Structures are given as structure tokens and as C-alpha cells.
Amino acid sequence: MYNPQISDEQNQLVGTARKFTAEVIIPAAHEYDETETFPTEIFRQAWDLGLMNVEIPEAYGGLGLGTVEGCLIAEELAYGCPAVATSMMCNHLGALPLMVGGSEEQKHTWLERLIENFEFISYACSEPDAGSDVAGMKSRLVAKDGGGYSLTGQKRWITNAGQASMYTGFATIDPALKHKGITAFVVDRQTKGVSVGRKEKKLGQRASETSDVLFDDVELAPQNILGEPGKGFYIAMEVFDKSRPMIGASCAGIIRRCLDESRNYALERKTFGVPIANHQAIQMILADMAIAYEATRALYLKAAWEVDNDVKRTITSSLAKCFGADAAVKAATDAVQVFGGYGYTREYPVEKLYRDAKLMQIYEGTSQVQRMVIAKNLLRS
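By the naming in an unreviewed UniProt entry, the protein chain goes by Butyryl-CoA dehydrogenase and is assigned to Enhygromyxa salina. Note on the protein chain: under the UniProt heading Cofactor (unreviewed entry), the record states "FAD". We quote the UniProt Sequence similarities (unreviewed entry) comment for the protein chain here in full: "Belongs to the acyl-CoA dehydrogenase family."

Turning our attention to the overall build of the protein chain. Of the regular secondary structure elements, the protein chain holds ten helices and ten strands. The C-alpha atoms of the protein chain give a radius of gyration of 21 Å, which matches the 21 Å a tight globule of 381 residues would have. Buried positions account for 55% of the 381 residues belonging to the protein chain. By sequence separation, contacts in the protein chain at least 24 residues apart represent 75% of the contacts at least 6 residues apart. Total accessible area on the protein chain stands at roughly 16,800 Å², and carbon and sulfur atoms take up 53% of it. Across the protein chain, 40 positive and 48 negative side-chain charges occur, with their mean positions spaced 6 Å apart.

A separate point is the pattern of salt bridges. Evaluated as defined, the whole model comprises 21 salt bridges. Here Glu261 makes a salt bridge to Arg257, at a shortest N to O gap of 2.9 Å. Here Arg257 and Glu261 lie together in helix H6 (residues 232–268), a separation of four residues that amounts to about one turn. For Arg371, the salt bridge is made with Asp326, and the minimal N-O distance between the two is 2.7 Å.

Here the focus is the packing of aromatic side chains. When we look at a pair of aromatic rings, we describe it by the centre distance and by the angle of the planes. Within this structure, the stated rule accounts for 14 aromatic pairs. Here the aromatic rings of Tyr123 and Phe170 are separated by 5.6 Å at their centres, their planes lie at 70°, and the arrangement is edge-to-face. In this pair, Tyr123 sits in strand S1 (residues 121–124) while Phe170 sits in strand S4 (residues 166–172), placing the two residues 47 residues apart along the sequence. Residue Tyr123 shares its accessibility class with Phe170, and that shared class is buried.

By size, the foremost hydrophobic cluster in this structure holds 46 residues, and its most contacted members are Cys258 and Tyr300. Of all the secondary structure elements, the ones that give two or more residues to this core are helix H3 (67–80), H6, helix H7 (280–308), helix H8 (314–339) and helix H9 (350–357). Split by domain, the residues of this core number at least three in each of domain 1 (8–116) and domain 3 (233–380). Once residues within four sequence positions are removed from consideration, Cys258 is found in contact with Met289, Ala331, Ala332, Ala335 and Leu353. Listed in part, the 42 residues of the second largest apolar core include Ile25, Ile42, Ala164 and Ala207.

Our focus in this paragraph is the UniProt feature "domain: Acyl-CoA dehydrogenase/oxidase N-terminal" (unreviewed entry) in the protein chain. Within this numbering scheme, the UniProt entry marks residues 7–116 as carrying the feature "domain: Acyl-CoA dehydrogenase/oxidase N-terminal" (unreviewed entry). Overall, residues 7–116 shows 77% helix and 0% strand. The separation of its end C-alpha atoms is 29 Å.

This next bit is on the domain arrangement of the protein chain. Taken domain by domain, the protein chain comprises domain 1 (8–116), domain 2 (121–229) and domain 3 (233–380). Between domain 2 and domain 3, the residue contacts involve 14 residues of the former and 15 residues of the latter. Carbon and sulfur atoms make up 66% of the area that domain 2 and domain 3 hide from each other, which totals about 1,200 Å². Linking domain 2 with domain 3 are zero salt bridges, by the criterion used here. Between the two partners, domain 2 and domain 3, sit two residue pairs in polar contact (both at pLDDT 80 or more). Grouping the amino acids of the side of domain 2 that touches domain 3 by side-chain chemistry returns eight nonpolar, five polar and one charged.

Burial of strand S5 (residues 182–188) is extensive: seven of the seven residues sit out of reach of the surface. In S5, alternate side chains face the same way, and those of Ile182, Ala184, Val186 and Asp188 on one face and Thr183, Phe185 and Val187 on the other are all buried. With seven bridges joining them, S4 and S5 adopt antiparallel strand pairing. Paired with Ala171 across the bridge in S5 is Thr183.

The rules behind the values
- Residues numbered from 1 in each chain as written.
- Predicted model: local features only at pLDDT ≥ 70, side-chain atom pairs only at ≥ 80, totals over all residues.
- Heavy atoms only, no water.
- UniProt positions renumbered as here; feature names shortened; annotations may be inferred.
- Helix = DSSP H or I, 4+ residues; strand = E, 2+ residues; numbered from the N terminus.
- Rg over C-alpha atoms; globule rule 2.2 N^0.38 Å.
- Buried < 20%, exposed > 50% of the residue type's maximum accessible area, 1.4 Å probe, protein only.
- Contact = heavy atoms within 4.5 Å.
- Areas by Shrake-Rupley, 256 points an atom, 1.4 Å probe, with all protein chains shown as cover.
- Lys, Arg positive; Asp, Glu negative; His and termini not counted.
- Charge placed at Lys NZ, Arg CZ, Asp CG, Glu CD.
- Salt bridge = Lys/Arg side-chain N within 4 Å of Asp/Glu carboxyl O.
- Phe/Tyr/Trp six-rings, centres within 6.5 Å; stacked < 30°, edge-to-face > 60°.
- Core = buried A, V, L, I, M, F, W, Y, C linked by side-chain atoms within 4.5 Å.
- Domains from an automatic or database assignment.
- Buried area = accessible area lost by both parts, 1.4 Å probe.
- Polar contact = N/O pair within 3.5 Å; in protein donor to acceptor, adjacent residues only side chain to side chain.
- Nonpolar A, V, L, I, M, F, W, Y, C, P; charged D, E, K, R; others polar.
- Pairing = 2+ DSSP bridges.

Laid out in C-alpha cells, this is it:
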């Protein structure tokens with residue numbers, strides 16, 4: 001039975017992540033956002049500390065922690081900087097197709113690299129005309145005489161693409177088959193025909209790099225194919241079920257940061273001779289943030305527990321991501337309102353939170369797509 005209680009060991013993990021966030025991420029976040037620079041040194045320190053790749057099983061050298069632990073870390077990281085959280089979580093997302101659909105040999109080959117070396121792995125799913133519509137992707141896998149495939153296509157909005165040394169991704173063996181043609185693969189960046197496009201200029205989460213990944217007649221051996229050809233769509237859906245609770249956790253971190261910043265400012269800022277915290281209008285905003293945080297945290301912990309306990313959780317994962325994303329955007333909007341004119345400037349962190357939060361409603365399935373998933377599950381007979 002689901003138990004939301006956090007153990008002493010999990011609390012210690014939260015403490016480590018919270019200390020790292022306070023001492024390393026928060027002091028540097030503004031500068032990395034301003035310069036749109038990938039904070040490699042922060043990620044290296046996180047890797048050294050054991051805060052990256054935490055869910056890789058012990059059999060492949062990892063810590064073998066659960067989704068609950070990964071989510072607890074994500075909340076703390078996002079509290080400090082959502083962009084840092086996104087890029088660190090991307091390694092988990094990129095590794096998931098291997099954990100879900102890879103053979104033992106593939107897991108040892110690729111997952112152990114992430115433990116033995118400071119490396120990034122990116123998840124290459126979205127395309128210029130196929131973001132939410134995964135089954136509509138056009139990247140092609142063409143079977144070669146003697147075995148293997150030739151991969152050609154363009155992937156868009158790929159987090160950490162320019163920093164990654166390997167990619168997991170999806171392409172179709174036959175577009176006419178729709179989702180039944182989707183096939184999962186893993187490929188090293190140094191493979192001939194693999195290249196990375198320009199870095200996107202984004203509204204928010206500027207310290208997290210986003211680029212295209214291009215595949216031009218890339219030769220893939222049979223050992224580069226994850227699972228059975230034509231079964232990749234099911235791997236992709238399982239990956240999203242397992243990764244979306246972590247988005248909800250990041251949203252909780254954003255909301256908690258908005259609440260803390262707004263509360264502190266409301267106690268200091270005075271209007272009409274009293275702190276604005278004395279005004280009922282501000283109190284209502286703070287109360288709504290507190291409600292949103294507790295609800296988002298409860299949802300992501302339940303979704304993460306279901307992942308760890310092999311409970312069918314598509315609807316719970318979507319609930320956690322959808323509610324959390326919408327709540328994070330509202331909390332960030334309200335935080336700017338509490339700060340007034342100051343909140344619209346870069347002098348205070350809520351301006352950055354406002355820009356960073358918006359992405360939560362877009363990546364790994366928009367809020368509208370989550371509602372479609374939720375409704376489909378509700379109406380299923």
C-alpha cells in the first residue's frame with residue numbers, strides 16, 4: 001500500500017541535494033542564465049557527489065535508487081535552478097530506453113559508461129513535425145543487406161544534444177505502420193553521419209542546452225537496436241510513464257522557491273506603512289502557493305511510488321506532470337505579481353522562475369497532451 005512517509009535515508013539524500021543546491025547552484029544560477037552558458041562544472045560536481053544517474057541499477061555500477069529518490073533530488077535541484085535540474089534529469093531520461101528495452105549486453109555497454117565516466121546521454125524523440133505526435137515521426141531505419149540498418153532523420157528540441165556523447169532515440173521502419181513501425185536505438189555521437197545543429201535561443205532554462213540531432217545515413221549494427229523492431233513506441237510510452245513524475249517533482253521545486261521568495265519579500269516590503277504580508281490579497285496568493293506545493297508534491301510522490309512498485313501508472317504520471325506544470329506557471333506568475341515592478345526586473349530571481357516555469361507545460365508532453373492521456377484512461381472500458 002502506498003505510504004507517503006519519507007525514510008531517514010531519503011531525508012539524508014534530500015539534505016545532500018539541498019546543501020548542494022544552496023552552496024553551488026543558487027549562487028551561480030543567475031550568471032549562467034545571463035550568459036546562456038552550460039554549467040559543466042556544476043554537473044561535474046553533482047556527478048562526483050553521486051547526484052546524477054542515481055537510478056541506474058547496481059548491476060551496472062549505479063546506486064540503484066528508485067524513482068522516489070530521483071524525484072526528491074529533482075525537487076531540490078529545480079528549487080535552485082530549473083535549467084540545471086532539466087539537464088541533470090536528461091541523463092535519467094536518456095538512459096531509460098536502455099533500462100526499459102535494452103538487453104543485458106546493451107545495458108552493460110552503455111549504462112556503465114555513465115557511471116565510469118562523466119558523460120551525458122540525450123533522448124532523441126521529438127522531430128520538427130512530430131513532437132506530441134510520436135507516431136508521426138519521419139526518421140527512417142532502412143534494413144541493410146547482411147544485417148543492421150541505415151538511420152536518416154532530424155531530431156529537434158533535444159536537451160543536452162551538444163554535450164552528449166551518446167543518444168537513445170526512435171525512428172520508423174515504415175511510416176505507413178504509424179506507431180507499429182517505431183523502433184528504438186542507441187548510438188554513439190562519434191558514429192559517422194551523426195551531427196548536432198545550432199543551440200536554440202530560448203525564453204527560459206537558458207543554462208540547459210537544446211539543439212537538433214541530425215542522422216545522415218548512419219550505420220547501426222543489430223546491437224544498436226533496443227528491443228524488437230516495431231516495438232519502440234511501447235518503449236517510448238513506458239519511458240514517459242517513468243520520467244514524468246520527475247517533471248512533477250521539478251514543478252514542486254519551482255513552486256516552493258516561488259513561495260519562499262514571495263513570503264520573504266512580503267515580510268520586508270512595506271506599503272501604506274505596513275508589510276505587504278499584512279494585506280489579505282497577498283496572503284491569498286501565498287496560501288494558494290502553499291496549497292499548490294503540497295498537492296504537487298503529493299501527486300509526484302504517489303506517481304513515483306507507483307513506478308517503483310510496478311503499478312500501472314500512466315494516468316498518475318500524467319496527473320503529476322499536468323497539475324504540477326500548470327501550478328508552477330501560476331505560482332511563478334503570482335510571484336512576479338507579489339514583487340510588483342521589481343519582479344519584472346532581473347534584480348530578483350522570480351523573473352527567471354517565471355521564464356523557466358513555462359517549459360514545464362511543454363516538454364515531455366504538453367499539458368494538453370497530458371489531459372488527453374488522462375481522459376483516455378478515464379474513458380477506457
